[in-house]
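The lines below spell out each chain.
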Amino acid sequence: MTDKLRSDWDPQSEAVLRDQRAAYDNMREQCPVAYNETMQWSLFRHRDLTRVLHDHDTFSSVVSRHLSIPNGMDPPEHTVYRHIIEPYFAPARMEAFGPSCREIITELINNIPAHGRVELMADIAQPFAVRVQCAFLGWPSGLHDPLVQWARKNTEATRAGDRTAMADIARELETLVVDMLEVRRQAGAKPGDDITADLMHEEVWGRPLSHKEMTSILRNWTVGEIGTISAAIGILVHYLAKHIEVQTRLREQPSRLPGAIDEILRIHGPLVANRRITTCPVEIGGRKIGAGEQISLNWISANRDGDVFDSPDSFRLDRDPTENLLYGAGIHVCPGAPLARMELLAVMEALFEHTEWIEPVAGKPAINAVYPASGFSSLPLRFRTA
């Protein structure tokens, strides 16, 4: 069926790449269920995403031939692996790891030059994301730069649709992870040494996790950490620099930060989309979609849907938080959300503690990131300190 369809839009067009949010808003209003020859189907409305998220029988998460634990699985496999993963983000672990997060962001802020000018993405957001990831997993600091470069190459290959490069990059990370696992194995790693060592002693289906399974879990955590967290930090700090009244309010009422962080990231999402694949013919928004077709769930658009969020561009702390799809919904709601929320709160609290004001740099505008990334590729700012 779909080979006879004409594309409703081009996700790589200049207009989309120049301003993703505006482009996705327009698609939601003009063509909320859209077809493209490369991506197949894209959904832009909140109600359509919610439907898909809560119907994993019709909309499968097994979208790739490569193992992806647990987000690329359906029940019962998903349930089993999720049971293994969730305890790593339990409240006790988050509380124990909190001081490390705060120490990392404080060190980065203390290294800001005396004139207070920073390139936020390169000086704060990306270093924080990769350092926290390595600290959380127990990985050595020598991996900071290689992981940043790996994330950059992975984004570029994804944007270019270069499957050969993407496969090479995936093998590069797999080799890195396998080497670290082997070092720990030879050293007699025990549960409690670090999270990576803990993972080595997990069991599934009555057997230890395989190298392939551990690599998949660690790859997913790494991709999510470096890419999405750094994007989220850029979005948050840019918003406060541009919206004086919100920055002032939150400096005066820091207890409102957790809700404010989620609301700002609803307005400008750090993650563009996730995929599903249909298991049977289905109709969405008047469009007939066949079995085995790919569907892209556009988070940015759904969280800006005026049918759910009145005045969606407005910053409001009285919204129903359950409608915010920042961390997904249903059985695939992000298991790492507690860690992400703790990290982002640590960053914002430290910035407020160590600066008197955050503002744009005159004549140096922010540069938007382009698909598949969100947020900013460059973000010059000035931190005013006492």
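Okay, so let's go over this structure. (Residues numbered from 1 in each chain as written. Predicted model: local features only at pLDDT ≥ 70, side-chain atom pairs only at ≥ 80, totals over all residues. Heavy atoms only, no water.)

Describing the overall build of the protein
Inference 1: The helix and strand tally for the protein stands at 14 helices and 14 strands.
Inference 2: For a compact globule of 386 residues, the expected C-alpha radius of gyration is about 21 Å, and the protein comes in at 21 Å, within 12% of that figure.
Inference 3: In terms of overall dimensions, the protein has C-alpha extents of about 65 × 55 × 35 Å along its principal axes.
Inference 4: When each of the 386 residues of the protein is scored for burial, the buried share is 49%.
Inference 5: If you take every contact in the protein between residues at least 6 apart in sequence, the share linking residues at least 24 apart comes to 69%.
Inference 6: For the protein, the computed accessible surface area is about 18,000 Å², with 50% contributed by carbon and sulfur atoms.
Inference 7: The centroid of the 41 positive side-chain charges in the protein is displaced by 3 Å from the centroid of its 52 negative side-chain charges. (Helix = DSSP H or I, 4+ residues; strand = E, 2+ residues; numbered from the N terminus. Rg over C-alpha atoms; globule rule 2.2 N^0.38 Å. Buried < 20%, exposed > 50% of the residue type's maximum accessible area, 1.4 Å probe, protein only. Contact = heavy atoms within 4.5 Å. Areas by Shrake-Rupley, 256 points an atom, 1.4 Å probe, with all protein chains shown as cover. Lys, Arg positive; Asp, Glu negative; His and termini not counted. Charge placed at Lys NZ, Arg CZ, Asp CG, Glu CD.)

Thoughts on the side chain of serine 301
Inference 1: Inspection of the secondary structure puts serine 301 in helix α13 (residues 299-302).
Inference 2: Other than its neighbours up to four places away in sequence, serine 301 contacts Tyr24, Arg28 and Phe44.

Focus: the sheet that holds strand β2 (residues 40-43)
Inference 1: Taken in spatial order, the five strands make up an open sheet running β1-β2-β10-β7-β3, and their pairing is mixed. Bordering the open sheet on either side are β1 (33-36) and β3 (59-60), each of which pairs with just one other strand.
Inference 2: In this sheet, strand β10 (residues 294-298) lies alongside strand β7 (residues 273-278) in antiparallel orientation, the contact comprising five bridges. Bridging from a neighbouring strand, alanine 273 pairs with asparagine 298 of β10. (Pairing = 2+ DSSP bridges.)

What to know about the sheet that holds strand β14 (residues 380-384)
Inference 1: Strand order across the open sheet formed by three strands is β4-β14-β11, with antiparallel pairing between neighbours. Edge positions in the open sheet fall to β4 (117-119) and β11 (357-360), since each of these has one partner strand only. Each strand axis lies, on average, 30° off the axis of its neighbour in the sheet, ignoring direction.
Inference 2: Bridge count for β4 against β14 is three bridges, and the pairing is antiparallel. By the bridge assignment, glutamate 119 is partnered in β14 with proline 380. (Axes fitted to C-alpha atoms, helices over the stretch in contact; angles between N-to-C directions.)

Re helix α10 (residues 211-242)
Because each turn of an α-helix spans 3.6 residues, side chains separated by three or four positions in sequence point in the same direction.
Inference 1: Under the 1.5 Å per step criterion, the end-to-end length of α10 is 46 Å for 32 residues, consistent within 8% with the ideal 46 Å.
Inference 2: Within α10, 24 of the 32 residues are buried, which leaves it mostly tucked inside the rest of the structure. (Expected span 1.5 Å × (residues − 1).)

Side note on the pairing of β10
Inference 1: Counting buried positions along β10 gives four out of five residues, so the element sits mostly inside the fold.
Inference 2: Note: β2 against β10, three bridges, orientation parallel. Paired with leucine 43 across the strands is leucine 297, a residue of β10.

A few points about empty space enclosed by the protein
Inference 1: All told, the structure shown has two cavities of 30 Å³ or more when counted by the stated rule.
Inference 2: Taken as a whole, the largest cavity spans an internal volume of roughly 70 Å³.
Inference 3: Tallied by class, residues from the lining of the largest cavity come to seven nonpolar, two polar and no charged.
Inference 4: The volume enclosed by the second largest cavity comes to roughly 40 Å³.
Inference 5: Surrounding the second largest cavity, Trp9, Tyr24, Met39, Ser42, Phe44, Val272, Ala273, Ser296, Asn298 and Tyr371 form its lining. (1 Å grid on protein atoms, 1.4 Å probe; cavity = no way out; pocket = protein on both sides within 12 Å on 5 of 7 lines; lining within 4 Å. Points joined across faces, edges and corners; volume = space filled by probe spheres on them. Nonpolar A, V, L, I, M, F, W, Y, C, P; charged D, E, K, R; others polar.)

Details of unusual backbone geometry
The general pattern is negative phi for most residues beyond glycine and trans for most peptide bonds.
Inference 1: The peptide bond linking proline 75 to proline 76 adopts the cis configuration, its omega dihedral lying at 5°.
Inference 2: Considering the arrangement of structural elements, one finds proline 76 in the loop between β3 and α4 (77-85).
Inference 3: Cis rather than trans, the peptide bond between tyrosine 371 and proline 372 has omega equal to 10°.
Inference 4: Structurally, proline 372 can be placed in the loop between β12 (367-368) and β13 (376-378).
Inference 5: Positive phi, close to 65°, is recorded for glutamine 40, a residue that is not glycine.
Inference 6: As for its position among the elements, glutamine 40 is in strand β2.
Inference 7: Look at glutamine 40 and you get partly exposed, because its relative accessible area is 22%.
Inference 8: The backbone phi angle of serine 311 is positive, close to 50°, even though this residue is not glycine.

Focus: helix α8 (residues 163-186)
Inference 1: An ideal rise of 1.5 Å per residue puts 34 Å on 24 residues; α8 measures up with 34 Å between its terminal C-alpha atoms.
Inference 2: Taken as a whole, α8 has its buried residues at Ile169, Leu173, Leu176, Val177, Met180, Leu181 and Arg184.
Inference 3: At its buried positions, α8 is contacted by α6 (120-137), α7 (144-160), α9 (195-200) and α10.
Inference 4: Taken from the residues just after α8, glycine 188 is the one with a positive phi, measuring 75°.

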